[in-house]
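# Summary of structural features
Listed below, chain by chain, are the residues.
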Amino acid sequence: MKTRSPQDTTGLRADARRNRDLIVAAARELLVEQGADVPLEDVARRAGVGIGTLYRRFPDRDALLRAVFEEGLRRMADLAETSWREEPDAWHALCRFLRACTELRLGVLSAKLEPHLHQRLRAGPDLHEIRQRVIAGVLRMTEQAQADGALRGDIGPGDIALLMTLHVYTPPGMSDEQAMARVVEIMLNGLRADAGSPLPGAPLTGDDLRRYTAVERPPPTHARHDE
């Protein structure tokens, strides 16, 4: 039987990556359905892997939830850039982006995570660059759509950030997809420059968006030196 050389780990890496992706996808689905306390055994079962495989990839619950959070944020950044690149103008890019954000169920995920847990997940140092990509994409689409006269002028990038995490109640007899699709189209029609009624309050600006995505970190501790 042919043996694999120690350096030839391509197959193992591919298998490991596949298992990781399956676990993150399953965790995301179950997090939306059941919340942050979903049993990890259920996650492994949904992913089609053993619980030992799950723990080899994610040593604890926080590590798994952080991976779900990071994956969602990365997909959001990719969506903003893809929408800008492939759509004919900023308005259509913004519409495509917001529709896709609702499909990611970002509002549901945020609602399922406890506030302190959500803050811990957002504090990952490796997430700063991804957040900056999202901010840049939202600023670019918002500003250009307004310059083109397609997006109403009393909307700011921070307002768009609120819509990215839209959470919709689904009435009995209607699927989540149907309810969300209808609400999103109502929302997008309200964003058009020719929409009728003025909005209450002031627009949430790019600075508001940066504050919204900023992460509070505890002040550094200094060792005490006795005299």
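Residues numbered from 1 in each chain as written. Predicted model: local features only at pLDDT ≥ 70, side-chain atom pairs only at ≥ 80, totals over all residues. Heavy atoms only, no water.

### Re the overall build of the protein chain
Convention followed: Numbering of helices and strands runs from the N terminus; a helix is a DSSP stretch of H or I covering at least four residues, while a strand is a stretch of E covering at least two. Think of it in three bands: residues with accessible area under 20% of the maximum for their type are buried, residues over 50% are exposed, and the middle band is partly exposed, with areas taken using a 1.4 Å probe on protein chains only. Between two residues, a contact is recorded if the distance between any of their heavy atoms is within 4.5 Å. The protein chains shown are the only cover counted for residues, whose accessible areas, like all others here, come from Shrake-Rupley with a 1.4 Å probe.
A count of helices and strands for the protein chain gives 11 helices and zero strands. What you see in the protein chain, going N to C, is helices and strands ordered as α-α-α-α-α-α-α-α-α-α-α. Counting all 227 residues of the protein chain, 38% fall into the buried class. Pairs at least 24 apart in sequence give 72% of the contacts found in the protein chain among residues at least 6 apart. Put simply, the protein chain shows about 13600 Å² of open surface, and 53% of that area lies on carbon and sulfur atoms.

### Comments concerning the confidence of the model for the protein chain
Just so we agree on the cut-off: pLDDT is a residue-level measure of predictor confidence that goes from 0 to 100.
Per-chain confidence: the protein chain averages 82 in pLDDT, with 86% of residues scoring 70 or above. Taken together, the stretch residues 1-12 has pLDDT below 50 and engages in two contacts with residues farther than four places along the chain or on a different chain. Of the regions scoring below 50 in pLDDT, residues 217-227 engages in two contacts with residues more than four places distant in sequence or in other chains.

### Describing the nonpolar core
As a reminder of what qualifies: Grouping buried Ala, Val, Leu, Ile, Met, Phe, Trp, Tyr and Cys residues that are joined through side-chain atoms within 4.5 Å yields what is termed a nonpolar core.
Among the nonpolar cores identified, the biggest contains 64 residues, and Val43, Phe97, Leu98, Ile160, Met164 and Leu191 are the most heavily contacted of them. If you tally residues by element for this core, the top one is helix H4 (residues 61-86), at 10 residues. Excluding its chain neighbours within four sequence positions, the residues that come into contact with Phe97 are Met76, Leu79, Ala80, Ser83, Val138, Met141 and Met164.

### As for the pattern of salt bridges
Selection rule: Whenever a carboxyl oxygen of Asp or Glu lies within 4 Å of a side-chain nitrogen of Lys or Arg, that contact is scored as a salt bridge.
For the structure shown, the criterion picks out 14 salt bridges. Glu185 is the partner of Arg99 in a salt bridge, and the nearest nitrogen-oxygen pair spans 2.7 Å. Of the two residues, Arg99 is situated in helix H5 (residues 90-103) and Glu185 in helix H10 (residues 176-191); the sequence distance between them amounts to 86 residues. Here Arg99 falls in the partly exposed class, since its relative accessible area comes to 33%. What makes Glu185 partly exposed here is its relative accessible area of 33%. Between Asp194 and Arg192 there is a salt bridge, with its nearest N and O atoms 3.9 Å apart. One salt-bridge network, held together by shared partners, links Arg28, Glu71 and Arg75.

### Remarks on the packing of H5 against helix H8 (residues 128-147)
As a reminder, the rule being used: Note on definitions: angles span 0 to 180 degrees between N-to-C directions of axes, and those axes are lines fitted to C-alpha atoms, for helices only across the stretch in contact. In this scheme, roughly parallel covers angles under 35 degrees and roughly antiparallel covers those over 145, while 65 to 115 is roughly perpendicular and the rest are oblique. By definition, any crossing whose near helix is turned counterclockwise from its far helix by less than a right angle is left-handed, and any crossing with a clockwise turn is right-handed.
Direction vectors running N to C along H5 and H8 enclose 135°, while the axes themselves pass 8 Å from each other. The orientation of H5 with respect to H8, classified from their angle, is oblique. Here H5 runs over H8; the crossing is left-handed. Residues Ala90, Trp91, Ala93, Leu94 and Phe97 of H5 lie in contact with H8, whose contacting residues are Val138, Met141, Gln144 and Ala145.

### A closer look at H8
Convention followed: Expected helix span is taken as 1.5 Å per residue step, with the number of steps being one fewer than the number of residues.
Spanning 20 residues, H8 covers 28 Å between terminal C-alpha atoms, matching the ideal 28 Å at 1.5 Å per step. Every buried residue of H8 is accounted for by Ile130, Arg131, Val134, Ile135, Gly137, Val138, Leu139, Met141, Thr142 and Ala145. Gly149 sits one or two residues past H8 and shows a positive phi near 80°.

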